[in-house]
Amino acid sequence: QQQVKQSPQSLIVQKGGISIINCAYENTAFDYFPWYQQFPGKGPALLIAIRPDVSEKKEGRFTISFNKSAKQFSLHIMDSQPGDSATYFCAASMRWGKAAGNKLTFGGGTRVLVKP
Amino acid sequence: NAGVTQTPKFQVLKTGQSMTLQCAQDMNHEYMSWYRQDPGMGLRLIHYSVGAGITDQGEVPNGYNVSRSTTEDFPLRLLSAAPSQTSVYFCASSWGREPMNTEAFFGQGTRLTVV
């Protein structure tokens, strides 16, 4: 069973629009939530990450919103650009203890296409 | 500074063959891990290592072996390849200090096809 569920599977947005990707997790021991961006033929690269002690984190056009009680978090891409066309993965892990070590549990991925 | 280097980039195997996927990092990271990426399933953890000489199983370890004799290298061995192991394999590394909220760096991947 997938511990991190991601939606939608794919998304088409016009240039300048907002892309929104949602993730839900089950394991309440998760306390680190990164988002990775992957271009075709490349490995994933860290985009932005959040810890559950904050409800929102913004870096440029990318914002993570976090709802601890609902066990949900989302990525918003503002003013989407054609160069943002990629696959985005949410992930979760534990920061402390024997089960830690950046053992990432990934969502299924969202393919984003930004049309010019 | 090459980061995480994986070889080969592409490989075709026949069912039952064995092979080793190589992974090397030059960032002196303690943590290294192997993931496989399948459509719609994201990346799933196969094996991981928290330092030289220490390895453990991830979510999907069956059919794979690992060893970590040095900090730099973390090879993944397929013992007897099966079509179900057709996938893209990624190696990743990160610092090994708690709290573990540091960036995981990924290699470029190895696309493996088992026929």
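The coordinates are above.
Residues numbered from 1 in each chain as written. Chains lettered and ligands numbered in written order. Predicted model: local features only at pLDDT ≥ 70, side-chain atom pairs only at ≥ 80, totals over all residues. Heavy atoms only, no water.

A.B. asks: Would you mind going over the packing of aromatic side chains with me for this structure?
C.D. replies: Counting across every chain of the model gives 16 aromatic pairs over all chains. Centroid distance A:Phe106 to B:Phe106: 6.2 Å. Interplanar angle 70°. Geometry classified as edge-to-face. Of this pair, A:Phe106 sits in strand E10 (residues 105-106) while B:Phe106 sits in strand E10 (residues 105-106), which puts the two residues in different chains. Like B:Phe106, A:Phe106 is buried. Look at B:Tyr35 and B:Phe106: their rings are 5.7 Å apart centre to centre, the planes differ by 45°, and that puts the pair in the tilted class. One end of the pair, B:Tyr35, is in strand E4 (residues 31-37); the other, B:Phe106, is in strand E10, and 71 residues separate them in sequence. For the pair B:Tyr35 and B:Phe106, one class covers both residues: buried. Residue placement shows B:Arg68 over the ring face of B:Phe74; its charged tip is 6.0 Å from the ring centre. (Phe/Tyr/Trp six-rings, centres within 6.5 Å; stacked < 30°, edge-to-face > 60°. Helix = DSSP H or I, 4+ residues; strand = E, 2+ residues; numbered from the N terminus. Buried < 20%, exposed > 50% of the residue type's maximum accessible area, 1.4 Å probe, protein only. Lys NZ or Arg CZ within 6 Å of the ring centre and 35° of its normal.)

A.B. asks: Please clarify how the nonpolar core should be interpreted in this entry.
C.D. replies: Across soluble globular proteins, nonpolar side chains have a tendency to be buried as a group. The biggest cluster of nonpolar side chains holds 24 residues, and the ones touching the most others in it are A:Phe33, A:Trp35, A:Phe73, A:Leu75 and A:Tyr88. Of all the secondary structure elements, the ones that give two or more residues to this core are strand E3 (19-25), strand E4 (33-38), strand E5 (45-50), strand E7 (62-67), strand E8 (72-77), strand E9 (86-92) and strand E11 (110-115) of chain A. In terms of residue count, E9(A) provides more of this core than any other element does, four residues in total. For A:Phe73, the residues in contact, after removing those within four places along its chain, are A:Ile21, A:Asn22, A:Cys23, A:Tyr25, A:Phe33, A:Trp35, A:Ser65, A:Phe66, A:Cys90 and A:Ala91. Listed in part, the 20 residues of the second largest apolar core include B:Val4, B:Leu21, B:Met27 and B:Cys91. (Core = buried A, V, L, I, M, F, W, Y, C linked by side-chain atoms within 4.5 Å. Contact = heavy atoms within 4.5 Å.)

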